[in-house]
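The residues making up each chain are set out below.
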Amino acid sequence: VELGTEELPPRALQGLGEAFAAGVHQGLVAAGLCPGNAAVQGFAAPRRLAVIVPAVAARQPDMTQLRRGPALAAAFGTSGEPTKAARGFARSCGVEVNRLEKLETEKGAWLAFKKRQRGRSASALIPQIVDEALRALPIPKRMRWADVESEFVRPVHWLVLLHGTELIDATLLSVRAGRRTFGHRFHAPRPLTLRSASVYAETLRTRGCVIPGFAERREHVRASVIRLAKRHKARALVEDALLDEVTGLVEWPHAVHGTFDAQFLGLPPEVLISVMRDQQRYFPLVNEKG
């Protein structure tokens, strides 16, 4: 599943991605379509939230529904004829009284009705599961766009919904599902067609100039900044909060070394670092003297 949007709030991106992956997985488990210990992969980048869940069944298992009715003592009269309670229960189950069964436990005996319910297909269940996961996301304020009735944290432009190689036909947040995703706005602006769910991440990396995984992209930013700082014989001040925010701002990170004219560096370090970090989202470098 991939939801393509305009740029998502960078500070909230990691949480949104984790919540979306967890919501989709929980919905699939509740529907009996995948195991609870499935190795779910969540993805979160500035223009997308996505999740890959392995081993999703084509159909949920058949289930036996058991309904418990009135106690046997209240279900039949002294001569064995069914009472009003028994007839009413049978009617609510859509059968005659003679189709009902007796359920006996340590706590007593009751009339009961067992109905075997055939499992529904994954393609019929998944759209609702994804929709519920999207509705449950921790979004404090949703927005509307264009002339659609849907609301989300940012305008939605595309939706990918694949079960293996099969396209699931659905419309969520006013967008119809397809096979097309989009890479980096400038490095890879043309649509990319996905043959199957399994090629999603690799397609974005190799053809879309996007590192879709938040953790992978975060480590790439951190390592690139530290490596570049060492090349210039300096130490990078990489704070977790700033690292998370920068990771939420870029899809294809590349560290760039820049300098300021020395006359602008006469202010106290705390002032310089604060502006670089909070206003410009730069990672400050310090030399061996601090």
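This text goes with the structure placed above it.
Residues numbered from 1 in each chain as written. Predicted model: local features only at pLDDT ≥ 70, side-chain atom pairs only at ≥ 80, totals over all residues. Heavy atoms only, no water.

A. Focus on the overall build of the protein. When you go through the protein residue by residue, the secondary structure sums to eight helices and 15 strands. In terms of overall dimensions, the protein is more spread out than a globule: its C-alpha atoms have a radius of gyration of 28 Å, far above the 19 Å expected for 290 residues. Overall, the C-alpha framework of the protein stretches about 105 × 40 × 35 Å when taken along its three principal axes. Residue burial in the protein is summarised as follows: out of 290 residues, 41% are buried. (Helix = DSSP H or I, 4+ residues; strand = E, 2+ residues; numbered from the N terminus. Rg over C-alpha atoms; globule rule 2.2 N^0.38 Å. Buried < 20%, exposed > 50% of the residue type's maximum accessible area, 1.4 Å probe, protein only.)

B. Region of the structure containing the pattern of salt bridges. If you walk through the whole model with that rule in mind, you get 15 salt bridges. Taking the shortest distance from any N to any O, the salt bridge between Arg185 and Glu7 comes out at 2.8 Å. Of this pair, Arg185 sits in the loop between strand 12 (180-182) and strand 13 (191-193) while Glu7 is found in the loop between strand 1 (2-5) and helix 1 (13-30), placing the two residues 178 residues apart along the sequence. On the basis of relative accessibility, which here comes to 37%, the residue Arg185 falls in the partly exposed class. Classification of Glu7 as partly exposed rests on a relative accessible area of 39%. (Salt bridge = Lys/Arg side-chain N within 4 Å of Asp/Glu carboxyl O.)

C. Here's a closer look at the nonpolar core. Judged by nonpolar contacts, the single largest core of 39 residues is most densely connected at Phe20, Leu28, Leu49 and Phe152. Breaking this core down by element, the ones donating at least two residues are helix 1, strand 3 (48-52), helix 4 (122-135) and strand 7 (156-160). The leading source of residues in this core is helix 4, at seven residues. Setting aside residues up to four positions removed in sequence, Phe20 forms contacts with Val1, Leu49, Ala50, Val51, Val130, Ala133, Leu134 and Leu137. (Core = buried A, V, L, I, M, F, W, Y, C linked by side-chain atoms within 4.5 Å. Contact = heavy atoms within 4.5 Å.)

Everything listed here is a matter of geometry and, on its own, says nothing about what the molecule does.
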